[in-house]
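What the coordinates show
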Amino acid sequence: MSQLQLAGKTALVTGSTSGIGLGIAIALAKEGANIVMNGFGDVAGPKAEIEACKTKVVHHPADMCKASDIQDMMEFAKNQFGGVDILVNNAGIQHVAPVENFPVEKWDAIIAINLTSAFHTSRLAIPFMQQKKWGRIINVASVHGLVASAQKSAYVAAKHGIVGLTKVTALENATTGVTCNAICPGWVLTPLVQKQVDAKAAELKISNEEATKLLLGEKEPSMQFTTPEELGALAVFMCSKAADNVRGVAWNMDGGWTAQ
Ligand code: NAD
């Protein structure tokens, strides 16, 4: 018998061509799960990284703004592997501006990608999980699902929303083998955050290193980024037997950000 705890399971990770999603996909693949990748940009490189874990990997290019694309992706996963046992709702974007100047199309895109897409994937994944009497839904929220920062109205609204969706999904499935939990990272140095470091460096005419220190110093007492590998390990724990009764939590991994 395989020693790998997720052998025979299929994990779909939205936004797994980069950053946190890729880190979680690799961690789940290392435990033997088949992976359905999703996301834009370079696919071949990240796909090869996951394949190196000696598991089956496919990619679907669904745009998380579009319900019909999401439906296609879920059907594709079913055709490839029979269904989705582990759903990781991770795809996300950011835009920074005060409410009165916040571009309406950016608001709509952030709510669609960071929140509504998780509703669509979850509603389409849950019946299969309930039928199999086992399933894991992991929503990648953020510390911004728990507390706010200025200039991030759409992001904070979407992330608070996904923490709420997590709790409702967990409650509705509380007597089943299907759990739903959220992960709430602080700063993780991915392309999404690098853009914010670059913007700070340009705005204040300082070096990248100084801007990084400022960014961490404002919010994260540990002065350290959380890594995609650490978040992957947390996702693996949430898929483990030990986490059977972990339901509806918003689990921060944030260097003390929300302890203040
Ligand atoms: P990233 O930019 O490295 O990756 C984002 C991923 O989402 C990419 O694969 C991208 O192709 C995909 N994506 C973007 N728009 C999409 C769309 N319309 N359809 C399908 N895929 C799309 O960002 P990241 O930092 O790894 O962020 C991943 C998640 O983690 C996001 O939900 C983000 O809000 C959350 N998060 C990030 C941090 C951080 O500090 N980086 C902190 C807390 C939470």
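Conventions and cut-offs
- Throughout this description, residue numbers start from 1 for each chain and increase along the sequence as written.
- Residues qualify for local features only when their pLDDT is at least 70, as the model is predicted, and side-chain atom pairs are given and counted only at 80 or more; totals for whole chains, interfaces and linings, by contrast, use all residues.
- Neither water nor hydrogens contribute to the side-chain values; these are computed over all heavy atoms in the structure.
- Method remark: on a 1 Å grid restricted to protein atoms, a set of points is classed as a cavity if a 1.4 Å probe fits but cannot get out and as a pocket if it is open with protein on both sides within 12 Å along at least five of seven lines; lining residues have an atom within 4 Å of a point.
- Grid points are joined across faces, edges and corners, and a volume is the space filled by probe spheres set on the points.
- Runs of H or I in DSSP of at least four residues are treated as helices and runs of E of at least two as strands, each being numbered from the N terminus.
- Gly is placed with the polar residues, together with every amino acid not listed as nonpolar (Ala, Val, Leu, Ile, Met, Phe, Trp, Tyr, Cys and Pro) or charged (Asp, Glu, Lys and Arg).
- Segmentation of the chain into domains, including their bounds, is taken from an automatic or database domain assignment.
- When two parts are put together, the accessible area they lose, computed with a 1.4 Å probe and summed over both, is reported as buried area.
- Whenever a carboxyl oxygen of Asp or Glu lies within 4 Å of a side-chain nitrogen of Lys or Arg, that contact is scored as a salt bridge.
- Definition of a polar contact: a pair of N or O atoms within 3.5 Å, with one able to donate and the other able to accept a hydrogen when the atoms are protein atoms, and with sequence-neighbouring residues admitted only if both atoms are side-chain atoms.
- It only takes one pair of heavy atoms within 4.5 Å for two residues to be counted as in contact.
- Throughout, the term near means that a residue has one or more heavy atoms lying within 4 Å of the molecule or strand in question.
- Residue-level accessible areas treat just the shown protein chains as cover; the underlying method is Shrake-Rupley with a 1.4 Å probe.
- Strand pairing follows a simple DSSP-based rule, namely that at least 2 bridges must link the two strands.
- All axes are obtained by fitting lines to C-alpha atoms, using only the stretch in contact for helices, and the reported angles, taken between N-to-C directions, cover 0 to 180 degrees.

The subject of this paragraph is the layout of surface pockets. As a volume, the second largest pocket reaches approximately 190 Å³. Lining the second largest pocket, in full, are Q71, M74, E75, A77, K78, G83, V84, L124, A125 and F128. If you list the elements that add at least two residues to the lining of the second largest pocket, you get helix 3 (67–81) and helix 4 (104–132). No other element matches the five residues that helix 3 contributes to the lining of the second largest pocket. In the lining of the second largest pocket, the residues fall into six nonpolar, two polar and two charged.

Next up on the list: empty space enclosed by the protein. Under the definition given, this model contains one cavity of 30 Å³ or more. Of the pockets and cavities examined, the largest cavity occupies roughly 40 Å³. Every residue along the wall of the largest cavity is listed here: T14, N89, N90, A91, I113, N114, S117, A118, V140, K159 and I162. When residues of the lining of the largest cavity are traced back to their parent elements, those giving at least two are helix 4 and helix 5 (153–172). Per element, the largest residue contribution to the lining of the largest cavity is four residues, and it comes from helix 4. Considering only residue class, the lining of the largest cavity consists of five nonpolar, five polar and one charged.

Taken as a whole, the protein chain is organised into domain 1 (10–187 + 227–259) and domain 2 (189–225). Distance between the C-alpha centres of domain 1 and domain 2: 25 Å. Both faces combined, the contact of domain 1 with domain 2 buries some 1200 Å², and carbon together with sulfur accounts for 61% of it. A per-residue breakdown of the area domain 1 buries against domain 2 is headed by W187, G255 and W257, which together make up 55% of the total. Here domain 1 and domain 2 share zero salt bridges between them. On inspection of domain 1 and its partner domain 2, the count reaches five residue pairs in polar contact (both at pLDDT 80 or more). Residues belonging to the side of domain 1 that touches domain 2 are distributed by class as follows: five nonpolar, nine polar and three charged.

This part covers the environment of L189. Turning to its location among the elements, L189 is positioned in the loop between strand 6 (178–185) and helix 6 (191–204). As for L189 and I20, which are separated by 169 residues in sequence, their C-alpha atoms are 9.2 Å apart. Those residues in contact with L189 that lie beyond four places of it in its chain are Q194, F225 and T226.

What follows covers the site of the ligand. In the vicinity of the ligand lie 30 residues, with S18, N90, Y155, V188 and T190 positioned nearest. Y155 places a side-chain nitrogen or oxygen 2.5 Å from an oxygen atom of the ligand. Isolated, the ligand exposes 830 Å² of accessible area, and the fraction of that covered by the protein chains is 93%. Listed by contribution, the elements that provide at least two residues to the shell around the ligand are helix 1 (19–30), helix 5 and helix 6. Its residues placed into classes, the shell around the ligand shows 16 nonpolar, 12 polar and two charged. Counting contributing residues per domain, the shell around the ligand is built from domain 1 (10–187 + 227–259) and domain 2 (189–225), each supplying no fewer than three.

To continue, consider the sheet that holds strand 5 (residues 135–140). Taken together, the seven strands give an open sheet; going across it, the order is 3-2-1-4-5-6-7, and neighbouring strands pair in parallel fashion. Both edges of this open sheet fall to strand 3 (57–60) and strand 7 (250–253), since each of them pairs with a single strand only. Put simply, the sheet's adjacent strands are angled 20° from each other on average, direction ignored. Against the sheet, helix 8 (residues 228–238) makes contact with strand 5, strand 6 and strand 7, and its axis sits at roughly 160° relative to strand 6, the strand it touches most.

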